[in-house]
Amino acid sequence: MIQNEELPIGFTMELAQHSDILNSFSKLDETKKKELIDGAREVKTRDEMRSYIENMRMF
C-alpha cells in the first residue's frame, strides 16, 4: 500500500479537489498508482499539477 508520506503534497491537495478522480485513483492497482505518483513528482507548478490530475480522468 502507498504510504501518505510518499505522496507529493501538491498531488494530494489537488487530488482532494477532484473527488471523482480520487475515487478512480483509489481503485487502481498499486503499480499504476506508483506510476502516477512518480509522474507527479516531476510536476513543477500548481497549474501543471492541476492539469496532471485532470488528465488522470482517462484512467
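Now for a description of the structure that goes with this document. (Residues numbered from 1 in each chain as written. Predicted model: local features only at pLDDT ≥ 70, side-chain atom pairs only at ≥ 80, totals over all residues. Heavy atoms only, no water.)

### Considerations on the packing of aromatic side chains
Thought 1: Within this structure, the stated rule accounts for one aromatic pair.
Thought 2: Judged by centre distance (5.5 Å) and plane angle (70°), the ring pair of F11 and F25 falls under edge-to-face. Here F11, found in helix 1 (residues 9–16), pairs with F25, found in helix 2 (residues 19–26); they are 14 residues apart in sequence, far enough to count as distant.
Thought 3: The exposure class of F11 is buried, given its relative accessible area of 1%.
Thought 4: The ring centre of F25 lies 6.0 Å from the NZ or CZ of K33, which sits over that ring. (Phe/Tyr/Trp six-rings, centres within 6.5 Å; stacked < 30°, edge-to-face > 60°. Helix = DSSP H or I, 4+ residues; strand = E, 2+ residues; numbered from the N terminus. Buried < 20%, exposed > 50% of the residue type's maximum accessible area, 1.4 Å probe, protein only. Lys NZ or Arg CZ within 6 Å of the ring centre and 35° of its normal.)

### Brief notes about the nonpolar core
Burial of nonpolar side chains together is a common tendency in soluble globular proteins.
Thought 1: Formed by F11, L15, I21, F25, L36, I37, A40, V43, M49, I53 and M56, the largest nonpolar core amounts to eleven residues.
Thought 2: Secondary-structure elements contributing two or more residues to this core are helix 1, helix 2, helix 3 (30–40) and helix 4 (46–55).
Thought 3: By residue number, the principal contributor to this core is helix 3, which donates three residues.
Thought 4: When residues no more than four places from it in sequence are discounted, the contact partners of M56 are F11, L15, I21, F25 and L36. (Core = buried A, V, L, I, M, F, W, Y, C linked by side-chain atoms within 4.5 Å. Contact = heavy atoms within 4.5 Å.)

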